[in-house]
Amino acid sequence: MTRPVTPGRSPRSPGGSGGKASRTYRRPKPDAARRAAFDVLRAVDERDAYANLVLPGLLRDRRMTGRDAALATELVHGTLRRQGTYDAILDRCVDRPIGEVDPPVLDVLCLGAHQLLSTRIPTHAAVSATVELARGVLGDGRAKFVNAVLRKVSARDLGEWLDEVAPPYDEDAEGHLSVVHSHPRWVVGALWDALGGGREGIEALLAADNEPPAVTLVARPGRSTLDELYAAGAEPGRWSPLAAVLPEGDPGAIAAVRDGRAGVQDEGSQLVAQALAEAPVAPVDGGERRWLDLCAGPGGKAGLLAAIATQRDVSLLAVERRHHRARLVRNAIGWNTNHQVVTADGTQPAWEPGVFDRVIADVPCSGLGALRRRPESRWRRRPEDIAELGPLQRQLLGTALGAVRPGGVVAYVTCSPHKAETRAVVDDVLATEAGEGFELVDARELFPGVTDLGAGPDVQLWPHLHGTDAMYLALLRRTV
Ligand SMILES: C[S@@+](CC[C@H](N)C(=O)[O-])C[C@H]1O[C@@H](n2cnc3c(N)ncnc32)[C@H](O)[C@@H]1O
C-alpha cells in the first residue's frame, strides 16, 4: 500500500531521485502551507485572533513566500469564510453531531473540505496532504478518522452537496441562503432586511461577501498622485477620484504608501470622507477653520480628511478612545502639526460646543458591511452585539451634533448596513433634543457618477453593486 504523497512533491518529479530511484519509503516533507493554515485556524478558534493579523506574521516568521504563502492564505480565508457550508456538509459525513468533534479535528476537516470542494487541488492530493497534516498535528488514530471523513466528502462536488444539505429555498429561504452562501442565518436576515428586494440581490450580496476584496489605494490629495500609484503598478479605481486598485503585489512596497502619502483604503471609505469634505456648508467669516473626527482610529478617514483639510488651511482634531489606535491616527495625520490627535472618550467632549465646520462620527459598529475583509467575523458577531452598540452609537452621534456650528455638517458613518445601526440611530437622535435644528442633507449628490444609490437622503453602498464595503452615510446639517 502506498503512503500519501504531499502534492507537488511526487517522487517521480524531475530532480527528485536523479534517476537512482530509491525503493525505501520517504515520509513526505512537512507541508508548510497547510501547517501554517492549520495554526492560524487554531489561533482564531482558541485565542479569538484575527486571521488577517496573525497570518502575515506567521508567514514572515516561517519565511514563507510565493506559492506556499499564497496557498496558506487561500486556505485560511476560504476555510473561514465557507465554514458554515463545510460544517453542514461535514455534519453528514461524521457519525456524531458536528459540535462534538474536537475543534482541532474539525479545523483539519474543514481545511480538507475546502480543498476538495472549492479549489482546483486534485482530490487525491487534497485528501493525502490533509491526512498527512492530521498525522502531524493530531496523531495517527485521528488521521485515520480524517481520511475516512474526507473520502466521504470527496464523493460529491459542492453543488451536489448543497442540493443535499441546504433546505429548499421555497421552504426556508434564509436557511437555504445561510448554508449555500455560508453566513449565519441571522446575518442573512439582517442583510436582506437592509437591502430589500428579492432573491437575486441578496444572493449577489452574500456571494460578494465570499470574494476577497481588491486592494484599493488612496492618493491623499496634495501628498501623492494617482500617477505615482499607477507608476507603481496600480490601475484606476472605479468611483473615487482618488482611488487606484493594486492588482497584485505588496502595497507596503510602494514608496508613497510606506511614507503615508498614500494609503490602503476601501473606495467606500474614500467616498464617504470626500462626501463630508464636499458637502455645502454655510459660509462663515474667515472661512472654515476646524474639522472633527470623533472616532478616528486607526486613521483611514482621518488621513484623507487631514490631507484635504491641509489644502484648505483647516485643522483637524482627531479623537480616539483607545491608546494604541490613537497612535495609529498620529501616524496617519501627525505629519502636519496643524492637526491634533487626542486619546479621549468622544462622548465626553473636551472641546467647546458648536465650533466645528465639519464633523465625522464613524462609530463602532458590527462591521456587517465588511465581512469579505475579515473572514472569521461573521461567526463571531452575535445579534445581541447590535443592541449593545446602539446606545454608544446614539451618544456619539449626539456629541457630534453638539460639536458642529450653525450651517455646518455632520457625517454619521458605519461599515454596517444593519438598519438598527444606520437609519434607526439617525432617526432616533434626530427625534431627541440633540437633533433639534438639524436637517438631513441628500447625500447622494455628493457621490458624483456613483449609481444605485437608492431613494436617499442617506447613502448605502454595497459590495455587490459598488465593489466597496457596505458603508452607510447620513449627512446632517445644522440649520440654526
Ligand atoms: C469604525 S472605527 C473608526 C474607523 C476610522 N474612522 C477609520 O476610518 O480608520 C470606530 C473607532 O471608534 C473608537 N471608539 C469607540 N468608542 C469610542 C468613544 N467613546 N470615543 C472615541 N472613540 C471611540 C474605536 O476604538 C474605533 O477605533
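From a predicted model like this one, the values you see are computed outputs, not experimental measurements.

A. Region of the structure containing the overall build of the chain. Helix and strand counts for the chain stand at 20 helices and 12 strands. Since a compact globule built from 480 residues should have a radius of gyration of about 23 Å, the 25 Å found for the chain is in line with a globular shape. The proportion of buried residues among the 480 residues of the chain is 45%. Counting contacts in the chain only where the partners sit at least 6 residues apart, residues at least 24 apart contribute 71% of the total.

B. Geometry of the UniProt feature "binding site: S-adenosyl-L-methionine" (unreviewed entry) in the chain. Under the UniProt annotation, the feature "binding site: S-adenosyl-L-methionine" (unreviewed entry) is placed at Cys 295, Ala 296, Gly 297, Pro 298, Gly 299, Gly 300, Lys 301, Glu 320, Asp 345 and Asp 362. Locating Gly 300 in the fold gives a position in helix 15 (residues 300-311). Relative to the helices and strands, Lys 301 resides in helix 15. When the 26 C-beta atoms within 10 Å are taken as the criterion, Lys 301 is described as buried. Those residues in contact with Lys 301 that lie beyond four places of it in its chain are Ser 269, Ala 273, Asp 293, Ile 360 and Asp 362.

C. Representation of the site of the ligand in the model. Taken together, 18 residues sit near the ligand, with Cys 295, Gly 297, Gly 300, Lys 301 and Gly 346 positioned nearest. Class assignment for the residues of the shell around the ligand results in five nonpolar, six polar and seven charged.

D. Representation of the packing of helix 6 (residues 123-137) against helix 7 (residues 140-153) within the structure. At a closest axis distance of 8 Å, the pairing of helix 6 and helix 7 adopts a crossing angle of 155 degrees. It follows from the interaxial angle that helix 6 and helix 7 lie roughly antiparallel. Here the hand of the crossing between helix 6 and helix 7 comes out right-handed. Here Val 127, Thr 130, Val 131, Ala 134 and Arg 135 of helix 6 come into contact with helix 7, specifically with Asp 140, Arg 142, Ala 143, Val 146, Asn 147, Leu 150 and Arg 151. By residue class, the composition of the contact of helix 6 with helix 7 is six nonpolar, two polar and four charged.

E. Spatial organisation of the pairing of strand 9 (residues 404-414). Most of strand 9 sits out of view: nine of its 11 residues are buried. When strand 8 (residues 356-362) meets strand 9, the two strands line up parallel, connected through six bridges. Among the inter-strand pairings, Ala 361 is bridged to a residue of strand 9, identified as Tyr 412. With six bridges connecting them, strand 9 and strand 12 (residues 472-478) associate as antiparallel partners. Along strand 12, the bridge assignment pairs Tyr 412 with Ala 474.

F. Fine view of the sheet that holds strand 2 (residues 235-236). Taken in spatial order, the four strands line up as 2-3-1-4 in an open sheet, and their pairing is antiparallel. Of all strands in the sheet, those bounded by a partner on one side alone are strand 2 and strand 4 (262-264). Direction of pairing for strand 1 (residues 215-219) relative to strand 4: antiparallel, over a ladder of three bridges. Considered in strand 4, the bridge of Leu 217 is made with Val 264.

G. Spotlight on helix 11 (residues 199-209). Those residues of helix 11 that sit buried are Ile 202, Leu 205, Leu 206 and Asp 209. Angularly, the buried residues of helix 11 cover 95 degrees about the axis, an arc narrow enough to put them on a single face. Where helix 11 is buried, its residues contact helix 9 (173-180), helix 10 (185-195) and helix 20 (463-466).

H. The arrangement of helix 6 in detail. With 15 residues, helix 6 should cover 21 Å at 1.5 Å per step; its first-to-last C-alpha distance of 21 Å lies within 8% of that length. Within helix 6, burial applies to Ala 126, Val 127, Ser 128, Ala 129, Thr 130, Val 131, Glu 132, Leu 133, Ala 134 and Arg 135. Contacts made by the buried residues of helix 6 are with helix 1 (32-47), helix 5 (103-118) and helix 7.

I. Quick peek at the nonpolar core. Of all hydrophobic cores here, the largest spans 95 residues; its most connected members are Ala 361 and Leu 473. If near-sequence neighbours (up to four positions away) are discounted, Ala 361 is found in contact with Leu 294, Cys 295, Leu 396, Leu 397, Ala 400, Val 410, Tyr 412 and Val 413. Counting residues in each nonpolar core, the second largest holds 42 residues, with Ala 33, Leu 59, Ala 69 and Ile 89 among its members.

J. Up close: the UniProt feature "active site" (unreviewed entry) in the chain. Here, the residues flagged by UniProt with the feature "active site" (unreviewed entry) are Cys 415. A residue is classified by how many C-beta atoms lie within 10 Å of it, and Cys 415, with 26 of them, is buried. What Cys 415 contacts, discounting residues up to four positions off in sequence, is Cys 365, Gly 367, Gly 369, Ala 370, Asp 469, Ala 470 and Met 471.

K. The arrangement of unusual backbone geometry in detail. Cis rather than trans, the peptide bond between Gly 297 and Pro 298 has omega equal to 5 degrees. Mapped onto the elements of the fold, Pro 298 is located in the loop between strand 5 (290-293) and helix 15. Residue Gly 456 is joined to Pro 457 through a cis peptide bond whose omega torsion reads -5 degrees. With respect to the element layout, Pro 457 can be found in the loop between strand 10 (438-441) and strand 11 (459-460). The backbone of Arg 63 sits at a positive phi, close to 50 degrees, despite the residue not being glycine. With respect to the helices, strands and loops of the structure, Arg 63 is situated in the loop between helix 2 (51-61) and helix 3 (66-81). By the C-beta count within 10 Å, which is 9 here, Arg 63 ends up exposed. With phi around 55 degrees, Ser 182 is a residue other than glycine that occupies positive phi space. Topologically, Ser 182 is positioned in the loop between helix 9 and helix 10. In this structure Ser 182 comes out as buried when scored by C-beta crowding, with 21 C-beta atoms within 10 Å.

The rules we used
Residues numbered from 1 in each chain as written. Predicted model: local features only at pLDDT ≥ 70, side-chain atom pairs only at ≥ 80, totals over all residues. Helix = DSSP H or I, 4+ residues; strand = E, 2+ residues; numbered from the N terminus. Rg over C-alpha atoms; globule rule 2.2 N^0.38 Å. Buried ≥ 20, exposed ≤ 12 C-beta atoms within 10 Å, placed from the backbone. Contact = placed C-beta atoms within 7 Å. UniProt positions renumbered as here; feature names shortened; annotations may be inferred. Near = placed C-beta within 6 Å. Nonpolar A, V, L, I, M, F, W, Y, C, P; charged D, E, K, R; others polar. Axes fitted to C-alpha atoms, helices over the stretch in contact; angles between N-to-C directions. Parallel < 35°, antiparallel > 145°, perpendicular 65-115°, else oblique. Left-handed = near helix turned anticlockwise from the far one by under 90°. Pairing = 2+ DSSP bridges. Arc of directions from axis to C-beta. Expected span 1.5 Å × (residues − 1). Core = buried A, V, L, I, M, F, W, Y, C linked by C-beta atoms within 7 Å.

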